[in-house]
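Descriptive analysis of the structure
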Amino acid sequence: MPPSPLLTLVREKLRTLHYSRRTEGAYLSWIRRYIKHFRLVHPMSLGAPDVVAFLTWLAIERRVAASTQNQACAALIFLYREVLGRPLEPLGVIPRAREGHRIPVVMTVEEVAKVLAALSGEARVVSLLLYGSGLRLSEALELRVKDLDFAMGEITVRSGKGKKDRKTVLPRAAVPEIRKQLANVQVEWKKDVVAGIGVGLPDAYAVKAPKAATEWAWRWVFPAGRTTKEKGTGALLRWHLHPSVVQRAVAEGVRRSGIGKKASCHTFRHSFATHLLASGADIRTVQELLGHTDVSTTMIYTHVLNRGAGGVRSPLDRL
């Protein structure tokens, strides 16, 4: 295990620069693996050749995905540049993990209905938003009460991928179940206020307006069942539901539905985009709803529309 003072420095630097909690967890994990790979040698005693060796090992021995290797590389660059104050020399040529070109799994409307019917509780409400609003799982779980605008039929996604805010549609068909979820959350919120339990806030805002932690507007739409102690202050905080809770429920729902596809939480988002395009929605609009920086990312969904490969008609069908 790496020395705890180093991990503390990494965590503090990530929070100072307002990195997301998810990125924080990923970077800390890669730094641990990097040090463990070199038998607990401190990173100050290692350098660019060792980083290259580690990334090469990931690609060749561990056969990780290209995106995984890139994340590991970003974590180590951050460690040396931002924490140790010793930017790495150019890494040169690194054997890259093979970049796959996979067409995303997409469910039909009927298959979506079957999976949703097999879900219940919070996992069902979350899934309604994944499919009805095109949210990523992390975006759905990080929603707060103030992000839902029932009057306008909109959801505001705060600090999505790339730290960007955006608006997407709030499906009216999901409103009754969302309101029921909020009613349940409100009961728990009132108990937490009495007990002095707040919710996690963005680091900068927690300093600026600490009382917001107990305000209804800042309450998670999908709060966790347990509280955690904040490091340093010891204050009890309630964070949002852990992704694994929904992932397990959706995996079981897919199995029970019998649709015969390897679908996941993210498949709802793929299906949202594909079904919008199939119904004639403008690709630029879909791009904005999904929060894609480049329209070429959104273009992949044009390849999975229900029109056959390339939109052509098989010669067998002409016989």
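Use the structure listed above.
Below is a short write-up of the structure. Please read all numbers here as calculations on a predicted model, not as lab measurements.

Brief notes about the sheet that holds strand S1 (residues 148-149)
If you walk across this open sheet you meet the 3 strands as S1-S2-S3, and the pairing is antiparallel. Each end of this open sheet is capped by a strand with a single partner; those strands are S1 and strand S3 (166-169). As paired strands, strand S2 (residues 154-157) and S3 are joined by 4 bridges and run antiparallel to one another. Residue Thr 156 lies in a different strand from S3, and its bridge partner there is Lys 167.

Section: the environment of Arg 269
Within the element layout of this structure, Arg 269 appears in helix H11 (residues 265-278). On the basis of relative accessibility, which here comes to 2%, the residue Arg 269 falls in the buried class. Those residues in contact with Arg 269, other than ones at most four positions away along the chain, are Leu 130, Gly 134, Leu 135, Arg 136, Glu 139, Arg 166, Leu 290 and His 292.

Observations regarding the packing of helix H1 (residues 4-16) against helix H2 (residues 21-37)
Relative placement of two packed helices is described by the angle separating their axes and the distance separating the axes. Closest axis-to-axis distance for the H1/H2 pair is 10 Å, and the angle between their directions is 150°. Regarding the angle of H1 to H2, the classification is roughly antiparallel. Relative to H2, the crossing made by H1 is right-handed. Judged by residue contacts, Leu 6, Leu 7, Val 10, Arg 11, Leu 14 and Arg 15 of H1 engage Arg 21, Glu 24, Tyr 27, Leu 28, Ile 31, Arg 32 and Ile 35 from H2. Split by residue class, the contact of H1 with H2 holds 8 nonpolar, no polar and 5 charged.

Some points on the packing of H1 against helix H4 (residues 66-83)
One can describe the packing of H1 onto H4 by two numbers: an axis separation of 11 Å at closest approach and a directional angle of 85°. Relative to H4, the element H1 lies roughly perpendicular. Residue-level inspection shows Leu 6, Leu 9, Val 10, Lys 13 and Leu 14 of H1 in contact with H4, the latter providing Phe 78, Leu 79, Glu 82 and Val 83. A per-class count over the contact of H1 with H4 returns 7 nonpolar, no polar and 2 charged.

Some details on the side chain of Ser 133
Assignment of secondary structure puts Ser 133 in helix H6 (residues 121-133). Given the relative accessible area of 0%, Ser 133 is considered buried. When near neighbours in sequence (up to four residues on either side) are disregarded, Ser 133 contacts Leu 128, Ile 155, Thr 168, Val 169, Leu 170, Pro 171 and Phe 272.

Some details on the sheet that holds strand S4 (residues 198-199)
Strand order in the open sheet formed by 3 strands is S4-S6-S5, and the pairing between neighbours is mixed. This sheet does not close on itself; its edge strands, each paired only once, are S4 and strand S5 (228-229).

Some details on the pairing of S2
When S1 meets S2, the two strands line up antiparallel, connected through 2 bridges. Bridging from a neighbouring strand, Asp 149 pairs with Glu 154 of S2.

A look at the pattern of salt bridges
Going through the model one piece at a time under the given rule, you end up with 16 salt bridges. Among the salt bridges present, the one from Arg 219 reaches Glu 188, with a minimum N-O distance of 3.4 Å. Taken together, the residues span a long stretch of sequence, with Arg 219 in the loop between helix H9 (203-208) and S5 and Glu 188 in helix H8 (residues 175-195) at a distance of 31 residues. When its relative accessible area of 24% is taken as the criterion, Glu 188 is described as partly exposed. A salt bridge links Arg 256 to Glu 252; its shortest N-O distance comes to 3.6 Å. Pair noted here: Arg 256 and Glu 252 are both in helix H10 (residues 243-257), with a separation of 4 residues, about one helical turn.

Looking at the packing of aromatic side chains
Counted according to the given criterion, the structure contains 10 aromatic pairs. Ring centres of Tyr 19 and Phe 78 lie 5.3 Å apart, and the angle between their planes is 70°; on these two criteria the pair is classed as edge-to-face. Within this pair, whereas Tyr 19 is found in the loop between H1 and H2, its partner Phe 78 is found in helix H4, the two being separated by 59 residues in sequence. Classification of Phe 78 by relative accessible area gives buried; the value is 1%. Between Trp 189 and Trp 216, the aromatic rings sit 5.2 Å apart at their centres with planes inclined by 50°, giving tilted as the arrangement. Taken together, the positions of Trp 189 in helix H8 and Trp 216 in the loop between H9 and S5 put the pair 27 residues apart, joining distant regions of the chain.

What counts and how
Residues numbered from 1 in each chain as written. Predicted model: local features only at pLDDT ≥ 70, side-chain atom pairs only at ≥ 80, totals over all residues. Heavy atoms only, no water. Pairing = 2+ DSSP bridges. Helix = DSSP H or I, 4+ residues; strand = E, 2+ residues; numbered from the N terminus. Buried < 20%, exposed > 50% of the residue type's maximum accessible area, 1.4 Å probe, protein only. Contact = heavy atoms within 4.5 Å. Axes fitted to C-alpha atoms, helices over the stretch in contact; angles between N-to-C directions. Parallel < 35°, antiparallel > 145°, perpendicular 65-115°, else oblique. Left-handed = near helix turned anticlockwise from the far one by under 90°. Nonpolar A, V, L, I, M, F, W, Y, C, P; charged D, E, K, R; others polar. Salt bridge = Lys/Arg side-chain N within 4 Å of Asp/Glu carboxyl O. Phe/Tyr/Trp six-rings, centres within 6.5 Å; stacked < 30°, edge-to-face > 60°.

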